[in-house]
Structures are given as C-alpha cells and as structure tokens.
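# Architecture and fold: a report
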Amino acid sequence: MFTGLIQRVGRLADRQVRGTGARLTIEHAPWETMLVLGESVAVMGACLTVTAREPGWFSCDALAETLDRTTLGRLAVGRAVNLERALRVGDRLGGHFVSGHVDGLGTVEELRPAGADRILRIACDPDLARGMVWKGSIAIDGVSLTLTAAEAAGLEVNLIPLTWEETTLGTLTPGTRVNLETDMIGK
C-alpha cells in the first residue's frame, strides 16, 4: 500500500532482459534507512520487489505482464522515475490510498497554465475512464492527484508547482504515455 506522495525521483540506470521479463536497476539518493531485500517500492506507480540493493541503487524483477501493461518496458535507460516506499503500520497517511497496481495507460493530450498551476489532460481507454470518480483520486506515474474532470475517454488534474517540480510530471509532453491507477475507494 502506498500514498502516492513521491519520496524520491530516481533514474532507470539499467534494464536487463531476463526471459520474458527484465531486471530493472534504479539509482536514487539514499534513504535515511536502507531498502530491505523483499521490500515493495512503487516505481512510476508500479509496485515492485527489491531483489538487490546498496545505499544509492536497487534492482527489481519485472514480469512480462508488468512490462506490457505499464510504461516500465518502454522507458528509456537514463529516464527519471518516481519512487515511493510502501507504507508501514503507523505511518502517516498524507495522500490517497494507492495499491501500486496500474490499471492502464493514458496519453498526455495537453498541458496548459492555470495561474501558478498547470492543468494536465490525459486521454485513456473508455473502460478505464469508467473507473474514475469526479473529485476522486488518480495516480499518474505513482503521483496521487485529485480528478478535476472525469470524462468518457479522459481526465484532467491540476498540478501545483511543488508537484510539477518535485516529480517526473514536470517532464511530460503531449504524446507521452503514463501509468494510471484509478481511485481504490471508487472501485
């Protein structure tokens, strides 16, 4: 279980094909307490298991299913990635409930200014859009946001400057594919 509050922006350092899956190696600024083998970390919103680690990197194995149904199989080596460690009992809940199970992909259609904020519009499959609840939550590449519009084939969210600057959402351009997880409570 996650909150969608990004703790680190890391970098996809390597992708090694392993059968039908891959081993992903992620570089990041060290956490206060080192990752533990077997720990869950959300990488761009997808829950993955730490299989090797050192203070500034970790590796995880991604199944073919994960690579096919998320952006992780297509991300360029060197690309920035959003990271969040799984919640522990007793942690503060500051975002929304996020499972780390990506429901589908969306495509960035538009980014436009709205005062100091930005409005992000994403197109997605109508079946996925049916799972969205207006004013409910949506995780975009692991970042938990509130839907400001939920339509038949897409959504809109507003991004405050901090979110824009401290996550990978600030690098999005029209045509970019993103991982989407719909509102767990709305499901």
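Residues numbered from 1 in each chain as written. Predicted model: local features only at pLDDT ≥ 70, side-chain atom pairs only at ≥ 80, totals over all residues. Heavy atoms only, no water.

### Structural notes on the environment of H101
This is how the line gets drawn: Helix numbers and strand numbers start at the N terminus; a helix is a DSSP run of H or I with at least 4 residues, a strand a run of E with at least 2. Burial classes follow relative accessibility: with a 1.4 Å probe on protein chains only, a residue under 20% of its type's maximum area counts as buried, one over 50% as exposed, and anything between as partly exposed.
Mapping H101 onto the fold places it in the loop between strand 6 (80–85) and strand 7 (104–114). Assessed through its relative accessible area of 53%, H101 is described here as exposed. On a C-alpha basis, the gap between H101 and L128 in space is 13 Å, while along the polypeptide they are 27 residues apart.

### Regarding the sheet that holds strand 10 (residues 143–151)
The cut-off we apply is this: When DSSP locates at least two bridges between a pair of strands, those strands are taken to pair. What counts as an axis is a line fitted to C-alpha atoms, over the stretch in contact for a helix, and the angles between N-to-C directions run from 0 to 180 degrees.
Around the barrel, six strands lie side by side as 7-8-11-10-9-12; this closed barrel has antiparallel pairing. Neighbour-to-neighbour, the strand axes of this sheet turn through a mean angle of 45 degrees, independent of strand direction. Bridge count for strand 7 against strand 8 (residues 117–124) is eight bridges, and the pairing is antiparallel. Residue pairing across strands places L111 opposite L120, the latter belonging to strand 8.

### Overview of the nonpolar core
Here is a general trend for soluble globular proteins: nonpolar side chains tend to be buried in one another's company. Note the following rule: In these notes, a set of buried Ala, Val, Leu, Ile, Met, Phe, Trp, Tyr and Cys residues joined through side-chain atoms within 4.5 Å is what counts as a nonpolar core. Contact between two residues is taken to exist if any of their heavy atoms lie within 4.5 Å; hydrogens are not considered.
Counting 21 residues, the largest nonpolar core has L24, V43, F58, L72, V81 and L83 as its most contacted members. When contributions to this core are tallied by element, the ones reaching two or more residues are strand 2 (21–27), strand 3 (40–43), strand 4 (46–54), strand 5 (57–62) and strand 6. Leaving out residues up to four positions away in the same chain, F58 has contacts with L24, T25, I26, H28, L35, V41, V43, V50, A52, R53 and L83. Listed in part, the 20 residues of the second largest apolar core include L120, C124, A129 and W164.

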